[in-house]
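# Structural overview for review
For reference, the chains in residue letters:
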Amino acid sequence: MSDQSLKRVDLIFGEYSNVKYKILADTLARTNDAILKDILDSGLRGRGGAGFPTAMKWKYTAETTSEEKYVICNADEGEPGTFKDREILLRVPRKVFSGMAICGKVIGSKKGYMYLRGEYRFMLNDLNRELDIYHEHAKKLGFDFTIEIRLGSGAYICGEESALFESMEGGRGEPRNKPPYPTTSGFMKKPTVINNVETFVNVMMIMRLGPDQYKKLGTTDSRGSKVFSVSGDTPIPGIYELELGMPLDRFVDEFGDGDTKAVQVGGASGFCVPRKKFKDTVIGFEGVPTGGSMMIFNSSRSMYNVLHNYLEFFQEESCGQCTPCRVGCQQLLKGIVAVKKGEKKAAYLDQLMKLSESMKITAKCGLGQSVANSFSSIVNNFKEEMIY
Amino acid sequence: MANKVNLTIDGINVAVDEGKTILEAARSLNIHIPTLCYHEDLCVAGNCRVCVVEQEKVKTLPASCAMPVSEGMVIHTNSMKVRLARKHIVELLLSEHNADCTKCYKNGNCELQGLASQMLTGDHMFLDLVPDKKYTIDMFNSAIIKDDSRCIRCQRCVRTCEELQSVSALGVAHKGDKMKISTFFEHSLLEVVCTNCGQCVNRCPTGALIERNYIDQVWDAIYDPNKHVVVQTAPAVRIALGEALGMPSGKIVTGRMVAALKRLGFNAVLDTDFTADLTIIEEGHELLTRLKKALVDKDPSIALPMATSCSPGWIKFIEHTFPEFLPNLSTCKSPQQMFGALAKTYYAQKRKLDPKNIVSVSIMPCTAKKFEANRPEMRSSGYKDVDFVLTTRELGIMIKQAGLEFEALPEEKFDSFMGVSSGAAVIFGSTGGVMEAALRTAYEIVTGREVPFDGLNITPVRGTEGEVREASVLIERTVPAWNFLEGVELKCVVANGLAHAKTVMQNVRDGKANYHFIEIMACPGGCLGGGGQPIPTNPEIRAKRKEAIYAEDMGMSIRKSHENPEVAALYTEFLEKPLGHKSHELLHTHYTPRKRY
Amino acid sequence: MAECSELIKELANKYGRERSSLLPILQGVVERQNFLSDTCMTDIAKELDLSAAQVFGTATFYSFLDTEPRGKFVIRVCKTITCDMHGKKTIIQTLEDMLKIKVGETTPNKKFTLLETNCLGWCHEGPAMLINEIPFSGLTTEKIHDIISDYITK
């Protein structure tokens, strides 16, 4: 790309070293405090979307006295428009395993799991072969931390951390009440660090570059680079590693097809940004956060159809246990259909907006809470399309 | 002592123990936060979200049932945000719910209805989702009806079935908008491992799980001039019925209950307690006989420990879960079924009635009794021994239907015969009661002396909720006929709630425990906490009912089953002797192994 | 199904008999038998000392753990927004025409089942589908013809 307005980065996918597991070996020689300090100084925040400071998560878990602790890599990438974890696992699984192993060392865990979504089962054999190599190296290094892959089976909600634990424990993937948090009571009710695939790779970047260099990427609130999954109405869909903190208009200039009407940032559970707000929107924790999903819509698309599709998705993928999410999703979907068909007056949309606000503050987990994001941002910005 | 945490709720400062929830803290201040999925007996689910409150400096509204208090928390339970959110939630539940309340058995007793009327949800804020759902009703079972169209998916039933009963006949299935409470493959409750204990019915906030009621059939029988309708009342009904009729819990209403039944038009108001005493005689002799055959005759075919068989929920549980232990069950029928068999034989003969004109009704704290009465083996009189089983709740409804002012009724006495009973029979209604009653009699048979406990109160076997209680009684200075028991320490165990029953049986199976006599009641606290008892039933209410039961026992002039003169007369006039031929025909039964899944 | 209880024993030996082994066992059965039958689930319940309703409840939570008979090849077409935008409907139509079944159905010879599914993670190359675990993306009518022709002979 000739346009240098967006800084492409090549850290996640780039080679760190010709020697396999060299950075892991180097890091294992360091003290836990030093490692934690580097991660803290780097400002790394979780790459799954919620953006919790990684160092704090690790520190809290490290401080618990439990004999058993777990490291879990959340590879249940199910957010519509996201496919970066698949790419990372296909291309640089070693970095993921190394990141997990470093976490194991820091928190004092001997066992790691990767929860891989069922849709990615085709990668399982390759990943297991890579794991064999990891285990050989760990053995050579005298490092007692094993990793096992568990498969999901087609349930979006299992990407929610406590639902993921429930699933791994053999149950329905229903989110738990919080507190307690995973740092004290996670998988098997033991202290657990659960991080996104990309977060573990970022830890590796920090270990390699040092926090000062890592910090040079991104903005104060959003350090480092981010892998973006770009799809929709774009001539160049795919995976891009970009600096965090970029303005959306620059993103659209580069990836749009010249007729971009809206960008859905952060998947179905994220926000829809209309053209008029591109300029003022920053992609990052200070603006619109994202797990990496960027879906571009041009002016030929009906935003009603987009919202309808999202709501169908949520209605099916809600675990169903809590009222606001289970019934709220059904009402939002049925409600927009009724308005579109003229069975309900346009003012009913206001009623639904209030409902979505209630869902946002009363749902048990992030899924139900985030339905309002796309609902309100689409309905607010494309009201005519909802009615006519 | 637990650390105290300071917080503010609706402007009131309060210090509560660490680990308490916001809901508990609010209750301590008499601030009422509405709940639906919450139940004192169950683990916290936090899924209905009705109990949300506003916490300052927090964006979301935490569910007060699930959120532990923390220092400095500032909570508002009735802010504008909270009110709208709660109304939305109740409206959402109603939109998924078949709300034709006037056609619902729980009309007037429904927690969702209560919340709806409180919140004035008359304006149907949202679209009706019911037409989109393919709701079904399972009405194949003789005890419990499951109507999915009334279910609000609070999962109280699922938690009850799993946590309290370890049965898990009910589970949660599917997800999203299709999520529902379901049995295995959505089979009828009749076809799965359900024990009919009715604990789910007792906890269901709506009309989704209800007892199959036989109120109209009983009225029809009463109105039929050709029928002689006898009614028996179980021990635990008399200490709970008042609750169904507006009285506080823990009131003994035996006399009023009898008066009410007479005014309803039953031809004879008799007492299950009579056959509870009879059960003790039969079961006590059965235990002693088994001990003799095992210890003296060294008969290897004798199954020990022997387990009680009064609780039909327990019977169905063991048939499904531990069929290998069926020989260990006492062959005695439950008091209800002994009564039924005698009503259409002994009673009919004595009253010169044609048994085919007798309608035998029982009032039970139990839903499993409905299933029990319908068992094919329960027809030893040549007729269906018990025609209709009503729960305490159903009797409450009949009394209301008849327009009786229950509290104002005079206290009346049971008809005789089959109406006299002892304190030992009354305590059948509480966990440990059968054990205690049996010991009061068996000890005396074996030693010729009363049990060596102050006031005949064998407190070590009085069960407690939530635990398996083990006790032993040393047998000393026996009468000659039972001298083989000299020095034997009779080992007993008492458990209530099927989860604890499972523990006991696993211990027996795995050789970890060595008992002679096991008492199991399927329901928490025993029959006083039965599935057919007034709603709500919770730990506090059960404790009051238990107090009342033991008070009733203490107030009885006869305290031991073998001193019941009507039982003695029954043997002389009819049965001849315990475990005799007639007994075997009428009072004993057999069991059926059932599939585990 | 006698083979079912043997398979479950084999899977339980491999993954263990803890509750946490349930998902791998269910997945193992679906992998071999395409779906979870009534008897299979009761066998699993027995093997893991769970109630059958618990096994059923867990299985029905996951869209890949089918509890209805499925064909040898289960086709799951992504219906999420970007695949939808890029011609998912045509793909479904083509598959329905080729297989002579509708979405949700199985061919009479039990070879193919056609289903829709939520986001498969191939949004940049939509429309996409899975046939069993193998993903196919960038689908066109021609591509579908080639792929299905290939599978028909498998």
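Residues numbered from 1 in each chain as written. Chains lettered and ligands numbered in written order. Predicted model: local features only at pLDDT ≥ 70, side-chain atom pairs only at ≥ 80, totals over all residues.

### Quick word on the overall build of chain B
The helix and strand tally for chain B stands at 19 helices and 17 strands. Taken against the 2.2 N^0.38 rule, which gives 25 Å for 597 residues, the C-alpha radius of gyration of chain B at 25 Å falls within 12% of a compact globule. When its C-alpha atoms are laid out on the principal axes, chain B stretches across 80 × 60 × 50 Å. Relative to its 597 residues, chain B shows a buried fraction of 55%. Contacts in chain B between residues at least 24 apart in sequence constitute 74% of all its contacts with a sequence separation of at least 6. (Helix = DSSP H or I, 4+ residues; strand = E, 2+ residues; numbered from the N terminus. Rg over C-alpha atoms; globule rule 2.2 N^0.38 Å. Buried ≥ 20, exposed ≤ 12 C-beta atoms within 10 Å, placed from the backbone. Contact = placed C-beta atoms within 7 Å.)

### Concerning the interface of chain C and chain B
Interface size is often expressed as the accessible area that is lost when the parts come together. Residue-level contacts link twelve residues of chain C with 16 residues of chain B. Among the elements of the structure, helix 3 (38–48) and helix 4 (52–61) of chain C are those that each provide at least two residues to the side of chain C that touches chain B. In terms of residue count, the dominant contributor to the side of chain C that touches chain B is helix 4 of chain C (seven residues). Residue classes in the side of chain C that touches chain B are distributed as five nonpolar, five polar and two charged. (Nonpolar A, V, L, I, M, F, W, Y, C, P; charged D, E, K, R; others polar.)

### Here we look at the pairing of strand 8 (residues 260–265) of chain A
Residue and element names in this part refer to chain A. In terms of residue burial, strand 8 counts as a mostly covered element, since five of its six residues are buried. Note: strand 8 against strand 11 (residues 293–298), five bridges, orientation antiparallel. Bridge pairing in strand 11 places V263 opposite I296. Sheet topology places strand 8 next to strand 9 (residues 271–274); four bridges connect them, and they run antiparallel. Counted as the bridge partner of A262 is P274 from strand 9. What sits between the antiparallel neighbours strand 8 and strand 9 is a turn of five residues, in which G266 has the positive phi angle 95°. (Pairing = 2+ DSSP bridges.)

### Section: the packing of helix 9 (residues 272–295) of chain B against helix 18 (residues 565–575) of chain B
Residues and elements named next belong to chain B. As a packed pair, helix 9 and helix 18 sit with axes 9 Å apart at the nearest point and diverge in direction by 65°. When you trace helix 9 past helix 18, the crossing you get is right-handed. Between helix 9 and helix 18, the residues in contact are F274, D277, L278 and I281 and E566, V567 and L570, respectively. The residue makeup of the contact of helix 9 with helix 18, split by class, is five nonpolar, no polar and two charged. (Axes fitted to C-alpha atoms, helices over the stretch in contact; angles between N-to-C directions. Left-handed = near helix turned anticlockwise from the far one by under 90°.)

### Some thoughts on the domain arrangement of chain B
Residue and element names in this part refer to chain B. In terms of domain boundaries, chain B breaks down into domain 1 (4–78) and domain 2 (92–211). Between domain 1 and domain 2, the contact holds eleven residues from the first and 13 residues from the second. Residue composition of the side of domain 1 that touches domain 2, by class: eight nonpolar, two polar and one charged. (Domains from an automatic or database assignment.)

### A look at the interface of chain C and chain A
Listed per partner, the contact involves 30 residues of chain C and 38 residues of chain A. When residues of the side of chain C that touches chain A are traced back to their parent elements, those giving at least two are helix 2 (22–33), helix 4, helix 5 (81–85) and strand 4 (134–136) of chain C. For the side of chain C that touches chain A, the element with the most residues is helix 5 of chain C, which contributes four residues. When grouped by side-chain class, the residues that make up the side of chain C that touches chain A number 15 nonpolar, twelve polar and three charged.

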